[in-house]
Amino acid sequence: METQLRFALCQYLTSLAESCDDEDRKESLEVASQCLPEGLAIDVEDEALVAQHKIPYSLLEVFEAGLAACKQKDVSHQDRMNSDPKYGKFIDTLTNAGFFKGVEAGTPEYEARIKKAQATYVAKYGNQAAAPAPAPAAPEAASEAAPAPAEISEEDKVKAEQLKGEGNKLLSAKKFDEAVEMYSAALKVRPGHAIYLCNRAAALSYLDRHEEARADAETALEKDPGYVKGYSRLGLALFKLGLYQEAVEVYEKGLGVDSENASLKSGLHEAQTKLAAEAAPAAGAPGGMADIMGM
């Protein structure tokens, strides 16, 4: 990284000399661009070395981006609450998990926790506020609408169910790779089936293939938003990926479908606890709910 910066400095100085119209300044810049590489201990004549350390942006572009990022770090808690709905949900989750319990708003301790929460949020999700939702697309004309999916024959339905059943047996036997293959075979016969997708997501989770499990669960919920197990599978995949806020939101949506689902309640509690522990100060004992409550 430092070597890249040295080359970028030399390239920037050379470009300044080349674009300068003032003869006196141009001469000074040319002298500086000739002396700087020696002072920085780099060889700007070595084409291979220059290519190796070249960055796809100018030094000025990097500086502007860095300056903008630094300015964004100064966004106040209230401004972020007003401009970033996701941040508001993040704070709500921490509040529900007890992160602010025992401290009064406006006190130095409360402000310290707010700052820690902001720092955790920015480190995990960045500074950008949520972009406004795009305007809804105009409805397609009937002639341009996508054709309805082909009707699945009863024979194919039976075949797909048999493949799913074999996959379930393999899953119970902890033969997860083979289970994935069997569920995939069922999905070839009956594409987009929510139950098959969620079963495959379960097998993928056991294999620590959480991105793939996430994709299957998301597709399952697109196909059937009322399939409660889809929320459980998606929540688990997000949790394993360390996306605790997203996991909280998914579990809460699932509980909106089935408010008594024990699996969703358990997953929600674990995700809230992890999220709160992640925002807890790193100093002292390892982060956890006990540490948070003892602040």
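Scroll up to find the structure this text is about.
Procedures and definitions
- Residues numbered from 1 in each chain as written.
- Predicted model: local features only at pLDDT ≥ 70, side-chain atom pairs only at ≥ 80, totals over all residues.
- Heavy atoms only, no water.
- Helix = DSSP H or I, 4+ residues; strand = E, 2+ residues; numbered from the N terminus.
- Buried < 20%, exposed > 50% of the residue type's maximum accessible area, 1.4 Å probe, protein only.
- Contact = heavy atoms within 4.5 Å.
- Areas by Shrake-Rupley, 256 points an atom, 1.4 Å probe, with all protein chains shown as cover.
- Core = buried A, V, L, I, M, F, W, Y, C linked by side-chain atoms within 4.5 Å.
- Axes fitted to C-alpha atoms, helices over the stretch in contact; angles between N-to-C directions.
- Parallel < 35°, antiparallel > 145°, perpendicular 65-115°, else oblique.
- Nonpolar A, V, L, I, M, F, W, Y, C, P; charged D, E, K, R; others polar.
- Patch = residues over 30% accessible without salt bridge, like charges linked within 9 Å, V, L, I, M, F, W, Y side chains within 5 Å.
- Salt bridge = Lys/Arg side-chain N within 4 Å of Asp/Glu carboxyl O.

Draft legend 1. Seen up close, the overall build of the protein. Looking only at helices and strands, one finds 15 helices and zero strands in the protein. Residues counted as buried form 36% of the 295 residues belonging to the protein. Long-range contacts, defined as pairs at least 24 residues apart, comprise 56% of the intrachain contacts of the protein with a sequence gap of at least 6. As presented, the protein carries roughly 18,100 Å² of accessible surface, and 54% of it is formed by carbon and sulfur atoms.

Draft legend 2. Looking closely at the nonpolar core. One finds F90, L94, F99 and F100 to be the most contacted residues of the largest nonpolar core, which totals 34 residues. Elements with a minimum of two residues in this core: α6 (85-96), α7 (108-125), α11 (210-223), α12 (228-240), α13 (244-257) and α14 (262-279). Filtering out sequence-adjacent residues up to four positions away, L94 remains in contact with F99, F100, A117, L275, A276 and A279. The next biggest cluster of nonpolar side chains, apart from the first, holds twelve residues, and it includes L171, V180, A202 and A237.

Draft legend 3. Local environment of the environment of V189. Among the structural elements, V189 can be located in helix α9 (residues 176-189). Looking at V189, the relative accessible area reads 18%, which means it is buried. Sequence separation between V189 and D156 is 33 residues, and the spatial gap between their C-alpha atoms is 6.3 Å. In contact with V189, not counting residues within four places along its chain, are I152, D156, K159, A160 and L163.

Draft legend 4. View of the packing of α12 against α13. With their axes 8 Å apart at the nearest point, α12 and α13 run at an angle of 170 degrees to one another. It follows that α12 is roughly antiparallel to α13 by the angle criterion. When α12 is examined against α13, the residues V228, Y231, S232, L234, G235, L236, L238 and F239 are found in contact with a partner set consisting of Y244, E246, A247, V250, Y251, K253, G254 and V257. In terms of residue class, the contact of α12 with α13 is built from eleven nonpolar, three polar and two charged.

Draft legend 5. Structural detail: the packing of helix α8 (residues 154-172) against α9. Packing of α8 against α9 leaves a shortest axis separation of 8 Å and a crossing angle of 170 degrees. Put simply, α8 runs roughly antiparallel to α9. Each of D156, K159, A160, L163, K164, E166, G167, N168, L170 and L171 in α8 lies in contact with α9, whose residues at this interface are F176, E178, A179, M182, Y183, A185, A186 and V189. The residue makeup of the contact of α8 with α9, split by class, is eleven nonpolar, two polar and five charged.

Draft legend 6. Summary view of a nonpolar patch on the surface. A cluster of nonpolar side chains, namely Y12, L16, L60 and F63, defines an oily patch on the protein surface of about 360 Å² accessible area. If you list the elements that add at least two residues to the nonpolar patch, you get α1 (2-19) and α4 (59-72). Looking at where F63 falls in the secondary structure, it is placed in helix α4. On the basis of relative accessibility, which here comes to 54%, the residue F63 falls in the exposed class.

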